[in-house]
Amino acid sequence: MAFPANSAREAVAALQAVREKAGAVWRAFDPGCDMHVKVTVGSVLVGDLGLLSEPTPDVWGLAVHDLFKDRGTGLVLLPDLQALLEVPPNAV
């Protein structure tokens, strides 16, 4: 999923709420389950990928690659996003 950088605070809040609700559903099946959400900010490409007859919407780029490389668990905010969130809301 991708969101505009100027909506980062709202996106993080929404993702945290979704993580908590989804985590509760998974723990109902197995108390050891947890949902991990990693969030960053960066440039990405958005478009259809796959066969011409069955295109699939996708997001790709270095920001996506960084999310997959990170080994954090729980709700993880990568450093670029943390830096953005430290800027006062009206300055973004």
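Structure: see above.
Residues numbered from 1 in each chain as written. Predicted model: local features only at pLDDT ≥ 70, side-chain atom pairs only at ≥ 80, totals over all residues. Heavy atoms only, no water.

**Q** Requested: an account of the pairing of strand 2 (residues 45-49), with residues and values cited.
**A** Here strand 2 lies mainly on the outside; zero of its five residues are buried. Where strand 2 lies against strand 3 (residues 56-60), five bridges are found, and the strand directions are antiparallel. Of the residues in strand 3, the one forming a bridge with Leu-49 is Thr-56. The loop that links strand 2 with its antiparallel partner strand 3 comprises six residues; one of these, Gly-50, has a positive phi angle of about 115°. (Buried < 20%, exposed > 50% of the residue type's maximum accessible area, 1.4 Å probe, protein only. Helix = DSSP H or I, 4+ residues; strand = E, 2+ residues; numbered from the N terminus. Pairing = 2+ DSSP bridges.)

**Q** Provide a residue-level description of the nonpolar core, including the pertinent values.
**A** In this structure, Ala-8, Val-12, Leu-15, Val-37, Val-39, Leu-81 and Leu-84 together form the largest nonpolar core, which totals seven residues. Elements that contribute at least two residues to this core include exactly helix 1 (8-29), strand 1 (37-39) and helix 3 (79-86). Counting residues per element, this core draws most heavily on helix 1, which supplies three residues. Sequence-distant contacts of Val-12, that is, excluding residues within four places in its chain, are made with Val-39, Leu-77, Leu-81 and Leu-85. (Core = buried A, V, L, I, M, F, W, Y, C linked by side-chain atoms within 4.5 Å. Contact = heavy atoms within 4.5 Å.)

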